[in-house]
Amino acid sequence: MPRATVPVRRLTLAVAALSVPVVVTLVVLVALGEIEAGVAGLAGLVILAGLAVPVRRHLASLAALGTHVDALADQGATATAQPAQPAQAGSTAELSWAIGRLKRSLERKSGELEARVGADEIILDSLPDPLIMLDDGLRIVRANLAARNLLDQNLGGRDLAAVLRNPAVLEAAQAVLAGAAGRTVEFTLPGRIERTLRARIEPLSTRAADGTAAVLALHDLTAAKRSEQMRADFIANASHELRTPLSTLIGYIETLSGTASEDAEARQRFLGIMHDQASRMSGLVDDLLSLSRIELHEHSPPDGRVDLATVLKDVADTLALDARAKGMTIALDLPPAAPAVVGDGEELIQVFQNLVDNAIKYGRPNSTVTAKVTRTERGPGPLSKPSTEGVVVVAISDQGAGIAREHLPRLTERFYRVDAARSRELGGTGLGLAIVKHILNHHRGALTIESQAGKGSTFTVYLAATPPAGRGGA
Ligand SMILES: Nc1ncnc2c1ncn2[C@@H]1O[C@H](COP(=O)(O)OP(=O)(O)OP(=O)(O)O)[C@@H](O)[C@H]1O
Ligand SMILES: [Mg+2]
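Read on for an overview of the structure. What you see is a predicted model; the values in this text were computed from it and never measured.

Rules and cut-offs
- Residues numbered from 1 in each chain as written.
- Chains lettered and ligands numbered in written order.
- Predicted model: local features only at pLDDT ≥ 70, side-chain atom pairs only at ≥ 80, totals over all residues.
- Heavy atoms only, no water.
- Axes fitted to C-alpha atoms, helices over the stretch in contact; angles between N-to-C directions.
- Helix = DSSP H or I, 4+ residues; strand = E, 2+ residues; numbered from the N terminus.
- Left-handed = near helix turned anticlockwise from the far one by under 90°.
- Contact = heavy atoms within 4.5 Å.
- Nonpolar A, V, L, I, M, F, W, Y, C, P; charged D, E, K, R; others polar.
- Pairing = 2+ DSSP bridges.
- Near = heavy atom within 4 Å.
- Polar contact = N/O pair within 3.5 Å; in protein donor to acceptor, adjacent residues only side chain to side chain.
- Areas by Shrake-Rupley, 256 points an atom, 1.4 Å probe, with all protein chains shown as cover.
- Phe/Tyr/Trp six-rings, centres within 6.5 Å; stacked < 30°, edge-to-face > 60°.
- Buried < 20%, exposed > 50% of the residue type's maximum accessible area, 1.4 Å probe, protein only.
- Parallel < 35°, antiparallel > 145°, perpendicular 65-115°, else oblique.
- Patch = residues over 30% accessible without salt bridge, like charges linked within 9 Å, V, L, I, M, F, W, Y side chains within 5 Å.
- Salt bridge = Lys/Arg side-chain N within 4 Å of Asp/Glu carboxyl O.

### Here's the deal with the packing of helix α10 (residues 345-362) against helix α12 (residues 432-442)
Describing two packed helices takes the angle between their axes plus the distance from one axis to the other.
Line of reasoning, step 1. At a minimum axis separation of 9 Å, α10 and α12 run at an interaxial angle of 145°. Crossing of α10 against α12: the hand is left-handed. Taking contact as the criterion, the partners of E347, Q350, V351, N354, L355 and N358 in α10 are, on α12, G432, L433, I435, V436, I439, L440 and H442.
Line of reasoning, step 2. In the contact of α10 with α12, the residues fall into 7 nonpolar, 5 polar and 1 charged.

Set out below in structure tokens:
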């Protein structure tokens, strides 16, 4: 570093200030006649010259220290303090070292602080629930990632009322900021998918340095509400499905014990109807039990080896009579090498029985129901990763009236029927496809449904293939 220059004016002033006592003493001595004015003048000049050298060095050293401090202040946070300048000496050099140390310590502390703020930010952003920090004017100080994803990416500095237009939440937040205790509000957030949320507004005991006075935490209740609603719907549907045949049975029992008691022909006919209704109820209870049994062990997939050709032939034989009653045929299109899948034989029989039964029930009379088996590398959903064994695909196609597109996503819901009256008339309860879906979930398989109005529908089942025999297959 170059030696710092000292302005002449500053040097002159400093030397002048330091020489005042000497000058005064010399003047007094001259006035008292102790020394001659010439001697005093000479002595004064010698003293001034003698003072100028150390004063200049000292001022230069101070100037260098000033430059050094300025340089430290201008350096970025990551720069380290420079050592003291060579131009400095003695106490100023020590001062310079001390300033350097102070700067390094401040930099370390501000680094630690930044890291802590960064960590807080990461933790807040990793929370699954939206969190909003509010100042006492209902302005958003900051918001975590979940809140930004839910409401808007730019929330900082905005008014809460502008992003969450819910009077109940705003009123509660206002009350909390005015000194009330924490409050909880349940509300719905309109949007493409309406959401039910619970907002908890909690005041901070002391206002945070960033101005946060209260925290607004949101919790999404949509899924919980939906499952609550589904449970209620399920109970209502199951009760309704059971009540219908039960009312019929009660009606016939009353008729049989009253007016029809003596009519042998009517008794026979009514007993037949009662048998059908009782069978219907029994079928419904069987389906419900089957569904709950599958759901119970849905998390542990089966690991048996099932020969699909045997399963499909078995199903075709069982339903051949029903098909013949409508003049229909069941055609099996199987590859030469018998495909085997990983699964539970009984459950897979249930899957294909439901699908072929639907194809017969909803298919056109005198048409053909086809079960075609092929292989592919991967399938939808859980089978989307390629595997060495591959995937077996079974497509059950009918030539029926088809299903309108809007019904397709809901077909596997319990009790969902496109035409409830027709399905009931055909002896259906709307549980068949729900059972199929749960069995395929249990197998980590998949189901896709394609349908063309007036042409028919294809229900395609995807299952993981087993390794060919001799390659360690089960
Ligand atoms: N192959 C198909 N063609 C046309 N519609 C179908 C077909 N398969 C199913 N559906 C429609 O989907 C609905 C649900 O089918 P699902 O098998 O779950 O019930 P279901 O056949 O009515 O009664 P269950 O199978 O419980 O006896 C049916 O009511 C019907 O409206
Ligand atoms: Mg069915």
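### Side note on the sheet that holds strand β5 (residues 214-220)
Line of reasoning, step 1. Spatial ordering of the open sheet is given by β2-β1-β5-β4-β3, a layout of 5 strands whose pairing is antiparallel. Strands with a single pairing partner mark the edges of an open sheet, and in this sheet they are β2 (140-143) and β3 (183-189). Between one strand and the next, the sheet's axes are offset by a mean angle of 25°, whatever the strand orientation.
Line of reasoning, step 2. The pairing of β3 with strand β4 (residues 195-203) spans 7 bridges and is classified as antiparallel. Directly across from E186, in β4, lies its bridge partner R198.

### Points about the site of ligand 1
Line of reasoning, step 1. Among the 18 residues in the neighbourhood of ligand 1, the closest are listed as N358, D398, S423, T429 and L433.
Line of reasoning, step 2. One nitrogen or oxygen atom from the side chain of Y362 is found 3.0 Å from an oxygen atom belonging to ligand 1.
Line of reasoning, step 3. Interatomic distance of 2.8 Å between a backbone N/O atom of L433 and an oxygen atom of ligand 1.
Line of reasoning, step 4. Protein burial of ligand 1: of its 590 Å² of free accessible surface, 95% is covered by the chains.
Line of reasoning, step 5. Within the residue set of the shell around ligand 1, elements represented by two or more residues are α10, α12 and β12 (456-464).
Line of reasoning, step 6. It is α10 that contributes the most residues to the shell around ligand 1, 3 residues altogether.
Line of reasoning, step 7. Its residues placed into classes, the shell around ligand 1 shows 8 nonpolar, 7 polar and 3 charged.

### Description of the packing of aromatic side chains
Line of reasoning, step 1. On inspection of all chains with the given rule, the structure shows 2 aromatic pairs.
Line of reasoning, step 2. A centroid spacing of 5.8 Å and a plane angle of 40° characterise the contact between F234 and F415, whose relative ring orientation is tilted. Taken together, the positions of F234 in helix α7 (residues 222-257) and F415 in the loop between β10 (391-397) and α11 (420-425) put the pair 181 residues apart, joining distant regions of the chain.
Line of reasoning, step 3. Exposure remark for F234: the relative accessible area of 25% places this residue in the partly exposed category.
Line of reasoning, step 4. Centre to centre, the rings of Y252 and F270 are 4.9 Å apart; their planes meet at 50°, and the pair counts as tilted.

### Quick look at the packing of helix α8 (residues 264-296) against α12
Line of reasoning, step 1. It is the contact of α8 with α12, at a shortest axis distance of 9 Å, that shows an interaxial angle of 20°. Here α8 lies roughly parallel to α12, going by the angle between them. Both α8 and α12 take part in a crossing whose hand is left-handed. On the side of α8, the interface is formed by D287, S290, L291, I294 and E295, while α12 contributes A434, I435, H438, I439 and H442.

### Describing the environment of H297
Line of reasoning, step 1. The residue H297 is located in the loop between α8 and β6 (304-307) in this model.
Line of reasoning, step 2. Other than its neighbours up to four places away in sequence, H297 contacts E347 and H442.

### Comments concerning a nonpolar patch on the surface
Line of reasoning, step 1. Residues V20, V24, V28 and L32 make up a contiguous nonpolar surface patch of roughly 350 Å² in combined accessible area.
Line of reasoning, step 2. Here V28 lies in helix α1 (residues 8-32).

### Here's the deal with the environment of M274
Line of reasoning, step 1. Following the sequence through the fold, M274 ends up in helix α8.
Line of reasoning, step 2. Given the relative accessible area of 14%, M274 is considered buried.
Line of reasoning, step 3. Measuring from C-alpha to C-alpha, the distance between M274 and I250 comes to 9.1 Å, with 24 residues separating the pair along the chain.
Line of reasoning, step 4. With sequence-adjacent residues up to four places away left out, M274 is seen in contact with L249, Y252, I253 and L256.

### Quick word on the pattern of salt bridges
Line of reasoning, step 1. Under the definition given, this model contains 15 salt bridges.
Line of reasoning, step 2. Of the charged contacts in the structure, one is a salt bridge between D210 and R142, with a shortest N-O distance of 3.4 Å. Residue D210 is located in the loop between β4 and β5, and its partner R142 is located in strand β2; the two are separated by 68 residues in the primary sequence.
Line of reasoning, step 3. Between E413 and R410 there is a salt bridge, and its shortest N-O distance comes to 2.8 Å.
Line of reasoning, step 4. Looking at R410, the relative accessible area reads 40%, which means it is partly exposed.

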